Amino acid sequence: MNTSGEFLLDTSFFGWLYKILTPIEWLMTQVMNLFHEFLKLLGMSPVGFSWVLSIVFLVLVVHACIFPLYYRQMKSMRKMQALQPKMQHIQNKYKGKTDQASKEALSREMMKLYQDNDANPAGSCLPMLVQGPVFMCMFYVLSAIPYIADGKRAALGAFDQATAAEFSQTEVFGVSVTNNFTTADTGGKIVIGIFVALMCACMWFMQFNSMKRNMNQASMVGQAAMMQKMMLWVFPIMYIFSGIAMPFAVLVYWLTNNICNLGRSMWQIYNFPTPGSPAAARKEIRDHNHENARRARAGLPSLEEEALQKAKEEAERRETQGYQRQQPQRKNRKKKK
Amino acid sequence: MTGKVGSAMVRGVRWYQRHISANTPPCCKYYPSCSNYAIQAVERYGAFRGGLLAVLRLLRCRPWSRGGIDDVPQRYSLFYRFSWSKAHEEPRLTPLASDTKETA
């Protein structure tokens, strides 16, 4: 166990930050403890897998809480895309005008458009801001537990010294949850290595997937594309270094978190792809097939049949009436005498 | 109209606009933005009453609010957003002449 020094996260600026976030930390410990009690009720041993499952459960709960915010954001983005022609219309109206009054009128008209359509580009600020502290708290709680067990830090929420000690004794796959890569034995090193590798793989695949599927391929040239490809490798490699320093409990949290993120990103690419990307093209085909299936069930002609029908009617009309288009006429028009 | 405290507040907000806000991408669901709203409110109604309006405006900037055009009311009321309020104004598409003079 690597608890020789004082708890570093409690010092300096971060200590102050984590002090402010205490209510969230308290809530998290309670969630973990509650789930642990539940697992004990099911007959699992209090030391062992039950604690690891509690960590997983905590991550899932946090993701479930954040998901609605994400969903709203996705829907808002979709609305914005639908508004694009109207926005361009307004922008064209004020094209080339640089005076103060026109600029202000432009912003006002844009705002009015957003308001009337219940879409807002800035609506998405907050979920991003909320997310950071929440994940920081989770990290903090998991790192603090060994220190609580040692009596070096005061109790935090549901984790008094006894519970924390119970947590610290947990051993899964032959690794203690408080061990990190440097302090674990050979078997433990292998297990931790596998976890870090899985973490990196998740992260890499998430980025790769969104780059390949969810980006406009025409825009993927030159400097920007190079940067994207660099990023693809930079984050996983950073993970290797930080993964080695972190205790196993944090790694469990991290891997679960990455799997959740991957799932969410795949869901997003499937349902809300960026327009112009390969994923969007696939979605179009899929939607087309769905519509045809719906029509087949309802006994209606499919989209292709309908188009063919229309073309035939048009051709027939041309046969009988010639190519001259008939001018539309008012129905109640006075007859010529 | 603005006293010492009011002008200090306006200077503070201007400092924020120049040094902090200018470095971040525009991200506001209201027009005018909260900082411009605060300046207008303080200049029109003084440090305390205008400041109160500005604080309420900040509290309005959160998810589940619709955003849009939200001007400082011509007539002071904390409830001007409600349609039953006498100070309620329909959103204006063109700025008032008095507003543009201040910002120019």
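Because the structure is a prediction, the values reported are computed rather than measured.

(A) Region of interest: the overall build of chain A. Across its full length, chain A holds eleven helices and two strands. The helix and strand sequence of chain A, counted from the amino end, reads α-α-α-α-α-α-β-β-α-α-α-α-α. The proportion of buried residues among the 337 residues of chain A is 38%. For chain A, the accessible surface area stands at approximately 20,400 Å², while carbon and sulfur atoms represent 62% of it.

(B) Summary view of a positive patch on the surface. The grouping of Arg72(A), Lys75(A), Arg78(A) and Lys79(A) at the surface amounts to a positive patch. Structurally, Arg78(A) can be placed in helix H3 (residues 49–93).

(C) Structural context of the UniProt feature "transmembrane region" (unreviewed entry) in chain A. Residues and elements named next belong to chain A. As annotated by UniProt and renumbered to match this structure, "transmembrane region" (unreviewed entry) occupies residues 7–28, 48–71, 190–209 and 230–255. In this annotation, residues 48–71 is assigned 96% helix and 0% strand; the end-to-end C-alpha distance for the span is 36 Å. End C-alpha to end C-alpha, residues 230–255 measures 22 Å, and it is 92% helix and 0% strand.

(D) Structural context of the environment of Glu305(A). Here Glu305(A) lies in helix H11 (residues 303–321). Engagement of the side chain of Glu305(A) in a polar contact is seen with the backbone nitrogen of Ser302(A), the distance being 3.1 Å.

(E) Molecular detail of the packing of helix H10 (residues 278–298) of chain A against H11(A). All names here are of chain A. Where H10 contacts H11, the axes come no closer than 9 Å and their chain directions differ by 80°. By the angle between their axes, H10 is roughly perpendicular relative to H11. Only Leu303, Glu304 and Glu306 of H11 make contact with H10, whose side of the interface consists of His288, Glu291, Asn292 and Arg295.

(F) Just the pattern of salt bridges, in detail. All names here are of chain A. Evaluation of the coordinates by the stated rule reveals 15 salt bridges over all chains. Ionic pairing is found between Glu109 and Lys93, a salt bridge with its closest N-O pair at 3.0 Å. Within this pair, whereas Glu109 is found in helix H4 (residues 100–117), its partner Lys93 is found in helix H3, the two being separated by 16 residues in sequence. A relative accessible area of 15% means that Glu109 is categorised as buried.

(G) Expanded view of the nonpolar core. All names here are of chain A. Among the nonpolar cores identified, the biggest contains 49 residues, and Phe167, Phe248 and Tyr253 are the most heavily contacted of them. Only helix H2 (22–41), H3, helix H5 (125–149), helix H6 (161–168), helix H7 (186–213) and helix H9 (248–271) provide two or more residues apiece to this core. Per-element tally for this core: the top contributor is H5, with eleven residues. Residue-level mapping places this core at the junction of two domains, with at least three residues from each of domain 1 (1–83 + 119–172) and domain 2 (177–276). Setting aside its immediate chain neighbours within four residues, Tyr253 contacts Ile55, Val59, Phe135, Met138, Phe139 and Leu142. Formed by 13 residues, the second largest nonpolar core is a distinct cluster that contains Ile90, Met110, Met111 and Ala119.

(H) Representation of unusual backbone geometry within the structure. Pro32(B) follows Tyr31(B) through a cis peptide bond whose omega is -10°. Tracing the sequence through the fold places Pro32(B) in the loop between strand E1 (30–31) and helix H2 (34–60).

(I) Structural view of the environment of Met136(A). Within the secondary structure, Met136(A) is located in helix H5. Not counting residues within four places of it along the chain, the set of residues in contact with Met136(A) comprises Leu17(A) and Tyr18(A).

(J) Representation of the packing of aromatic side chains within the structure. Residues and elements named next belong to chain A. Per the counting criterion, the structure on display carries 15 aromatic pairs over all chains. Pairing Phe35 with Phe38 gives two aromatic rings, centres 6.1 Å apart and planes at 35°, and the pair type is tilted. Taken as a pair, Phe35 and Phe38 lie in helix H2 at a separation of three residues, close to a single helical turn. Consider the rings of Tyr239 and Trp254, whose centres lie 5.1 Å apart with planes at 45°: the pair is tilted. Remark: Trp254 occurs in helix H9 and Tyr239 occurs in helix H8 (residues 222–245); sequence separation between them is 15 residues. Comparing Tyr239 with Trp254, the two get one shared label, buried.

Conventions we followed
- Residues numbered from 1 in each chain as written.
- Chains lettered and ligands numbered in written order.
- Predicted model: local features only at pLDDT ≥ 70, side-chain atom pairs only at ≥ 80, totals over all residues.
- Heavy atoms only, no water.
- Helix = DSSP H or I, 4+ residues; strand = E, 2+ residues; numbered from the N terminus.
- Buried < 20%, exposed > 50% of the residue type's maximum accessible area, 1.4 Å probe, protein only.
- Areas by Shrake-Rupley, 256 points an atom, 1.4 Å probe, with all protein chains shown as cover.
- Patch = residues over 30% accessible without salt bridge, like charges linked within 9 Å, V, L, I, M, F, W, Y side chains within 5 Å.
- Salt bridge = Lys/Arg side-chain N within 4 Å of Asp/Glu carboxyl O.
- Lys, Arg positive; Asp, Glu negative; His and termini not counted.
- Charge placed at Lys NZ, Arg CZ, Asp CG, Glu CD.
- UniProt positions renumbered as here; feature names shortened; annotations may be inferred.
- Polar contact = N/O pair within 3.5 Å; in protein donor to acceptor, adjacent residues only side chain to side chain.
- Axes fitted to C-alpha atoms, helices over the stretch in contact; angles between N-to-C directions.
- Parallel < 35°, antiparallel > 145°, perpendicular 65-115°, else oblique.
- Contact = heavy atoms within 4.5 Å.
- Core = buried A, V, L, I, M, F, W, Y, C linked by side-chain atoms within 4.5 Å.
- Domains from an automatic or database assignment.
- Phe/Tyr/Trp six-rings, centres within 6.5 Å; stacked < 30°, edge-to-face > 60°.

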